[in-house]
Amino acid sequence: MNSRLSAVFVALAAAALFGAATPIAKALLGSMSAFMVAGLFYLGSGVGLGMGIVARRLRRADAMANASHRIEKGELPWLMGAIVTGGVAGPALLMLGLASTSAATSSLLLNLESVLTAVIAWVVFRENVDIQVFLGMVAIVAGGVLLSWHPGQVAVPIGALLIVGACLCWAIDNNLTRKVSANDAMVIACLKGLIAGPVNLAIAFAMGAALPAAGIVVAAMLTGLAGYGVSLVLFVVALRHLGTARTGAYFSVAPLFGVALSLVLWPELPSVSFWIAAALMALGIWLHVRERHEHEHSHDLLEHTHRHRHDEHHRHQHDFPYAGDEPHTHPHVHLPITHSHAHFPDIHHRHQH
């Protein structure tokens, strides 16, 4: 399987994990406040990934492995911006909006996240887009709208505007995370969880919530580790290879996985709209997968650190003992080059058109 298809499956796996966490969150909301659920989910993500990072470093004790996971000082503003907008402001606006907005309206409005993500990526960060990618985005969003559509239950109260604000925060988060996606995805997701978790828990306690029973806390944190932690790790890896708009489009199929798990947990015959939505999303994914963007382009001198293989963009020498293991991670330099080949707006192809 080529690297681009692998990245597509990584993005869909991220969506599947996040989507599967939604019905579990709904079940937990019966006994906990929304901020408590969000706080435990994020905290479980941060703690679980932190333990994974420690275990990984114990296995790779050499200095090069440890140095490879450091985030550069110049990238910290991008990362902190992503954490504040996506891990703190987004959930806060969503919870405030849900207090006065119907579930049907909320579900419809949440489809705006992928649209706003793509608009920011295309307009602000100048990611390339062609008609095929645009139509694929339209098909995926249309499937999401159909999946959450309940006729006669849609209104636009102030709560709806707050939910739109939450979608905008997450769209900004997605685009800012792209700026640091070359770094260790586990570290990025861990930091987000360790900061967003306590903030959301503090809000929950300030609103009078109490910590639930130990079993529920553990269940929530484990769900957060999978649905928020591992999912975000995969999302960052997909950003690295696909760019923001395309990754956001794949991630927006998450509700489909959520509905599918709901049908397993609470069995009932899927509606016609479910199958039409699934077909629309499949069409959108197919349009994206068959994209072939190819032209002559130039790479400027670039130095960064990320996990890589020695392909056409990584033909460098090593200044440390190298046994030939691939993939591997270390700081490396890309020399200027001009060539032509099919590519996505990944970390090596963020050029203007």
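Counting restarts for each chain, with residues numbered from 1 along the sequence as it is written. Under the rules for a predicted model, residues below a pLDDT of 70 receive no local features and side-chain atom pairs below 80 are neither given nor counted, while totals for whole chains, interfaces and linings still include all residues. In computing side-chain values, all of the structure's heavy atoms are included and hydrogens and water are not.

A. The overall build of the protein, seen in detail. Helices and strands together make up the secondary structure of the protein, namely 13 helices and four strands. The proportion of buried residues among the 353 residues of the protein is 48%. Contacts in the protein between residues far apart in sequence, at least 24 positions, make up 86% of those at least 6 positions apart. By element, 68% of the accessible surface of the protein is carried by carbon and sulfur atoms, the whole surface being about 16,700 Å². A run of H or I in DSSP becomes a helix once it reaches four residues, and a run of E becomes a strand once it reaches two; helices and strands are each numbered from the N terminus. Buried, partly exposed and exposed residues are distinguished by accessible area as a fraction of the type maximum, computed with a 1.4 Å probe on protein chains only: under 20%, between the cut-offs, and over 50%, respectively. Contacts: residue pairs with any heavy atoms within 4.5 Å of one another. Under the convention used here, a 1.4 Å probe and the Shrake-Rupley method define accessible areas, while residue burial counts only the protein chains that appear.

B. Helix α6 (residues 112–123), seen in detail. When the terminal C-alpha atoms of α6 are compared, their 16 Å separation across 12 residues agrees well with the 16 Å that a helix rising 1.5 Å per residue should span. Residues Glu 113, Ser 114, Thr 117, Ala 118, Ile 120, Ala 121 and Trp 122 constitute the buried set of α6. By this rule, a helix spans an expected 1.5 Å times one less than how many residues it contains.

C. Region of interest: the nonpolar core. In this text, buried Ala, Val, Leu, Ile, Met, Phe, Trp, Tyr and Cys residues form a nonpolar core when linked through side-chain atoms within 4.5 Å. Of all hydrophobic cores here, the largest spans 43 residues; its most connected members are Leu 242, Tyr 250 and Val 253. Looking at this core element by element, the count peaks at seven residues for helix α10 (residues 214–242).

D. Representation of the packing of α6 against helix α8 (residues 158–178). Look at α6 against α8: their axes get within 8 Å of each other, and the N-to-C directions meet at 45 degrees. Considering the angle they form, α6 stands oblique to α8. Two packed elements cross with a definite hand, and for α6 against α8 that hand is right-handed. Together, Leu 112, Glu 113, Leu 116, Thr 117, Ile 120 and Ala 121 of α6 and Val 164, Cys 167, Leu 168, Trp 170, Ala 171, Ile 172, Asn 174 and Asn 175 of α8 make up the contact between the two elements. Ten residues, namely Ala, Val, Leu, Ile, Met, Phe, Trp, Tyr, Cys and Pro, are considered nonpolar, four, namely Asp, Glu, Lys and Arg, are considered charged, and the remaining ones, Gly among them, are considered polar. The residue makeup of the contact of α6 with α8, split by class, is 10 nonpolar, three polar and one charged. A fitted line through C-alpha atoms represents every axis, and for helices the fit uses only the stretch in contact; the resulting angles, taken between N-to-C directions, go from 0 to 180 degrees. For classification purposes, angles smaller than 35 degrees are called roughly parallel, those larger than 145 roughly antiparallel, those between 65 and 115 roughly perpendicular, and all remaining angles oblique. By the definition used in this description, the sense in which the near helix is turned from the far one sets the handedness, with an anticlockwise turn below a right angle giving left-handed and a clockwise turn giving right-handed.

E. A look at the confidence of the model for the protein. The predictor reports its confidence for every residue as pLDDT, a score running from 0 up to 100. In this model, the protein carries a mean pLDDT of 79, and residues with pLDDT of at least 70 account for 79%. Mean pLDDT in the protein bottoms out at helix α3 (residues 63–67), which sits at 45, and peaks at helix α9 (residues 185–206), which reaches 92. Across residues 62–67 the pLDDT falls below 50, and counting only partners more than four positions away or on other chains, this stretch makes eight contacts in the model.

F. Representation of the pattern of salt bridges in the model. By salt bridge we mean one thing: a side-chain nitrogen of Lys or Arg within 4 Å of a carboxyl oxygen of Asp or Glu. Taken as a whole, this structure holds two salt bridges when the rule is applied. With a shortest N-O distance of 2.5 Å, Asp 184 and Arg 56 are connected by a salt bridge. Within this pair, whereas Asp 184 is found in the loop between α8 and α9, its partner Arg 56 is found in helix α2 (residues 34–59), the two being separated by 128 residues in sequence. Given the relative accessible area of 9%, Arg 56 is considered buried. For the salt bridge of Asp 173 with Lys 192, the shortest nitrogen-to-oxygen distance reads 2.5 Å. Placement of Asp 173 in helix α8 and of Lys 192 in helix α9 is noted, with a sequence separation of 19 residues between them.

G. Inspection of the packing of α9 against α10 at higher detail. At a closest axis distance of 8 Å, the pairing of α9 and α10 adopts a crossing angle of 130 degrees. Taken together, the axes of α9 and α10 lie oblique to each other. With respect to the hand of their crossing, α9 and α10 are arranged in right-handed fashion. Counting all contacts with α9, which are made through Ala 185, Met 186, Ile 188, Ala 189 and Lys 192, the residues of α10 involved are Gly 229, Leu 232, Val 233, Val 236, Val 237 and Arg 240. Here the residues of the contact of α9 with α10 sort into eight nonpolar, one polar and two charged.

H. Geometry of the packing of aromatic side chains. Stacked, edge-to-face and tilted are the three classes for Phe, Tyr and Trp ring pairs, Trp counted by its six-membered ring, which pair at centre distances within 6.5 Å; planes under 30 degrees apart are stacked, over 60 edge-to-face, the rest tilted. All told, the structure shown has six aromatic pairs when counted by the stated rule. On the numbers, 5.7 Å between centres and 35 degrees between planes, the contact of Phe 18 with Tyr 228 is tilted. Placement of Phe 18 in helix α1 (residues 3–28) and of Tyr 228 in helix α10 is noted, with a sequence separation of 210 residues between them. A relative accessible area of 22% means that Tyr 228 is categorised as partly exposed. Ring pairs connect the aromatic residues Phe 18, Phe 41, Tyr 42, Tyr 228, Phe 235 and Phe 251, which therefore count as one cluster. A ring is scored as having a charge over it whenever the NZ atom of a lysine or the CZ atom of an arginine sits within 6 Å of its centre and within 35 degrees of its normal. Against the face of Trp 78 rests Lys 179, its NZ or CZ located 4.8 Å from the ring centre.

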